[in-house]
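# Structural overview
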Amino acid sequence: MPSIRSHAVLDHDAAIVWATVREVGAVSDWFPAITHSEATDAGRDVTLADGTRLVEETVTLDDALRRYQYRITGGDLVPESHLGTIDVVDLGEGRTVLVYGSDVEPAEVAVAFDGAISEAVAALGGYLDGRA
């Protein structure tokens, strides 16, 4: 199964980064490829810029580890297999590394997800700068 991963070092406290990531229904605020998102009992529903709707199920939401994991389980595009993982790692002194990975099949979907995830990881710092 293809694995993709993107990361960024952010000049923001881990608690602030984690508070943003763990607000799963608000992912459209900082993830450019997602134009609408809302929390559900099981996870979240998102709409991509091209109108594609995804239903995501939360697998892990761990405040101690600062880890969020989810699976795409429904909507207009359901991969054969998928697990997305976002880790927020405290580097100290107000710096954080955000690691966003996905294991996804088929490979064609992984390629599309890779670009969107890389763009989101790169955009998160600017989003947080604007909120400061």
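An account of the accompanying structure is given in this report. (Residues numbered from 1 in each chain as written. Predicted model: local features only at pLDDT ≥ 70, side-chain atom pairs only at ≥ 80, totals over all residues. Heavy atoms only, no water.)

## Some details on the packing of aromatic side chains
As enumerated under the stated definition, the model contains three aromatic pairs in all. Consider the rings of Phe31 and Tyr100, whose centres lie 6.2 Å apart with planes at 65°: the pair is edge-to-face. On the criterion of sequence distance, the pair formed by Phe31 in the loop between helix 1 (14-22) and strand 2 (34-39) and Tyr100 in strand 7 (residues 95-105) is long-range, its members being 69 residues apart. As far as burial versus exposure is concerned, Phe31 and Tyr100 are alike and both buried. Ring plane angle 20° and centroid distance 5.6 Å describe the contact between Tyr68 and Tyr70, whose orientation is recorded as stacked. With respect to class, Tyr68 is no different from Tyr70; both count as buried. Following the ring pairs from residue to residue traces out a cluster consisting of Trp30, Phe31 and Tyr100. Positioned over the ring face of Tyr70 is Arg44, at 4.9 Å from the centre of the ring. (Phe/Tyr/Trp six-rings, centres within 6.5 Å; stacked < 30°, edge-to-face > 60°. Helix = DSSP H or I, 4+ residues; strand = E, 2+ residues; numbered from the N terminus. Buried < 20%, exposed > 50% of the residue type's maximum accessible area, 1.4 Å probe, protein only. Lys NZ or Arg CZ within 6 Å of the ring centre and 35° of its normal.)

## Things to note about the sheet that holds strand 1 (residues 3-10)
Pairing is antiparallel across the open sheet formed by seven strands, whose spatial order is 1-7-6-5-4-3-2. The open sheet has two edge strands, strand 1 and strand 2, and neither has a second partner. For this sheet, the mean angle separating the axes of adjacent strands, direction not counted, is 20°. In this structure, strand 1 lies alongside strand 7, joined through eight bridges in antiparallel fashion. Among the inter-strand pairings, His7 is bridged to a residue of strand 7, identified as Val99. Lying over the sheet, helix 2 (residues 107-131) contacts strand 1, strand 5 (67-75), strand 6 (81-92) and strand 7, oriented at roughly 10° with respect to strand 1. (Pairing = 2+ DSSP bridges. Axes fitted to C-alpha atoms, helices over the stretch in contact; angles between N-to-C directions. Contact = heavy atoms within 4.5 Å.)

## Quick notes on unusual backbone geometry
The amide bond that connects Glu105 to the next residue, Pro106, takes the cis arrangement and shows omega of 10°. Assignment of secondary structure puts Pro106 in the loop between strand 7 and helix 2. The residue Arg66 is not glycine, and still its phi comes out positive at about 55°. Here Arg66 shows up in the loop between strand 4 (53-62) and strand 5. The phi torsion at Glu93 lies on the positive side, around 50°, for a residue other than glycine. Examined against the element boundaries, Glu93 turns out to sit in the loop between strand 6 and strand 7. Overall, the relative accessible area of 85% leaves Glu93 in the exposed class.

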